[in-house]
Every structure is written in C-alpha cells, then in structure tokens.
Amino acid sequence: MAEVQESPEETKDATSDRYPCHLLVRTILLLNAFLALGMNEAIRGPTLLDLKDLVDAKISEISFIFMLGSFGSLIGCFLTGIILDKFSRFRYLILSFTLIVIGVTNSLLPYCPTLISMYICVLIGGFGSGSL
C-alpha cells in the first residue's frame, strides 16, 4: 500500500498561523513613546512666557532652557548608546525608564521655585529625551 504523504501546509502547527501579537504591542508602545517625545519637545515653546513669569526671569534667561534641553539630549544619546551596548536585553525597560524621567521632569517644571532648579529639571528631561 502506498503511504499518503502529508503536504507541508497540513503539518504546520496551529501556533504558526497566529499573528505575532507581541510585534503589534511593541509597535504601539514605540509609537506612544515617540508621541510622548514629541509632546515633550513641543510643550516648552508655548509655555515659555508662563515659565518666565513663574520665576521672575527675563526672556533671555528662560530661553536658556532650550539649549540645556538639547545639551541634555546630546549627553543622553551618547550614554544610552553605551548602556544599551552592555545591556541590550533590557532595552525596553530602559525605554520605559526614560519615559518616566521625561514625565516626571515635565510635571515638576511648573513647580520649580528658582531658575536654577528649572535648568536642572530641563537638563534631566533632555537626558531622557536623548535616550529615546
């Protein structure tokens, strides 16, 4: 008697036909991370005059936060590259940590009592932005 050979389609697992949902979840999380990054960078411009009034500073002094945010972003970019080379398994944990840093610094910014504390807050937030 001749043996009936099964076609390759019949031998597939039921799990191989499923959509890789973890890729969809990862894509949505990365989309939200970069949406948060864009909101973080865009919020400083419209609130600049209000931040100036909060700490009684001149516009030339408060606009220094743009440069500090960019400088923190540059430092964060380099340091995160070094960290991710050593701990690549934890890249999504590091991504979530940087999002927490961005959120905390943005929420603390209006409550900074002095201009120096505002500078430090923006520098740390820039570090988180550069990490993304």
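Above this note sits the structure.
What comes next is a walk through the structure. As the structure is a computational prediction, the values presented were derived from the model and not from experiment. (Residues numbered from 1 in each chain as written. Predicted model: local features only at pLDDT ≥ 70, side-chain atom pairs only at ≥ 80, totals over all residues. Heavy atoms only, no water.)

## Quick notes on the nonpolar core
For clarity, the cut-off: Throughout this description, the term nonpolar core refers to a set of buried Ala, Val, Leu, Ile, Met, Phe, Trp, Tyr and Cys residues connected via side-chain atoms within 4.5 Å. Buried means the residue's accessible area, taken with a 1.4 Å probe over protein chains only, is under 20% of the maximum for its type, while exposed means over 50%, and partly exposed covers the values in between. Helix numbers and strand numbers start at the N terminus; a helix is a DSSP run of H or I with at least 4 residues, a strand a run of E with at least 2. Pairs of residues are marked as contacts when any of their non-hydrogen atoms sit within 4.5 Å.
Formed by 14 residues in total, the largest nonpolar core has its most connected members in Leu51, Val55, Ile62, Ile65, Leu109, Leu115 and Met118. When contributions to this core are tallied by element, the ones reaching two or more residues are helix H2 (48–55), helix H4 (64–86) and helix H6 (115–131). For this core, the element with the highest residue contribution is H6, accounting for five residues. Leaving out residues up to four positions away in the same chain, Ile65 has contacts with Arg44, Leu48, Leu51, Tyr119 and Val122.

## Some thoughts on the pattern of salt bridges
Counted only if it meets this: For this analysis, a salt bridge means a side-chain nitrogen from Lys or Arg found within 4 Å of a carboxyl oxygen belonging to Asp or Glu.
On inspection of all chains with the given rule, the structure shows two salt bridges. Residue Glu41 is joined to Arg44 by a salt bridge in which the shortest nitrogen-to-oxygen separation is 3.8 Å. For Arg44, a relative accessible area of 4% puts it in the buried group. Lys52 is the salt-bridge partner of Asp53, the closest N and O atoms lying 3.5 Å from each other.

## Considerations on empty space enclosed by the protein
The rolling of a water-molecule-sized probe over the atoms marks out the regions of remaining empty space. Applied cut-off: Here a cavity is any set of points on a 1 Å grid over the protein atoms alone where a 1.4 Å probe fits but cannot get out, and a pocket is any open set with protein on both sides within 12 Å along at least 5 of 7 lines; a residue lines the site when it has an atom within 4 Å of a point. Grid points are joined across faces, edges and corners, and a volume is the space filled by probe spheres set on the points. As a working rule, the residues Ala, Val, Leu, Ile, Met, Phe, Trp, Tyr, Cys and Pro are called nonpolar, Asp, Glu, Lys and Arg charged, and the rest polar, with Gly in that last group.
Here the structure, examined in full by the defined rule, presents one cavity of 30 Å³ or more. When its volume is computed, the largest cavity comes out at roughly 40 Å³. Asn40, Arg44, Thr105, Asn106, Leu109, Cys121, Val122 and Gly125 together form the lining of the largest cavity. For the lining of the largest cavity, the residue count by class is three nonpolar, four polar and one charged.

## Focus: the packing of helix H5 (residues 91–108) against H6
Quick note on the threshold: Angular values range over 0 to 180 degrees, each being the angle between N-to-C directions of two axes fitted as lines to C-alpha atoms, with helices fitted over their stretch in contact. For classification purposes, an angle smaller than 35 degrees is called roughly parallel, one larger than 145 roughly antiparallel, one from 65 to 115 roughly perpendicular, and anything else oblique. Left-handed describes a crossing in which the near helix is turned anticlockwise from the far one by less than a right angle; the clockwise case is right-handed.
The N-to-C vectors of H5 and H6 enclose an angle of 150 degrees; their axes lie 8 Å apart at closest approach. With respect to H6, the axis of H5 lies roughly antiparallel. As for how H5 packs across H6, the hand of that crossing is left-handed. Listed contacts from H6 to Thr98, Val101, Ile102, Thr105 and Leu108 of H5 are Cys121, Ile124, Gly125, Gly128, Ser129 and Ser131. Classifying every residue of the contact of H5 with H6 by side-chain character gives five nonpolar, six polar and no charged.

## A few points about the side chain of Thr105
Take Thr105: it is sitting in helix H5. Residue classification places Thr105 among the buried residues on the basis of a relative accessible area of 8%. Filtering out sequence-adjacent residues up to four positions away, Thr105 remains in contact with Cys121, Ile124 and Gly125.

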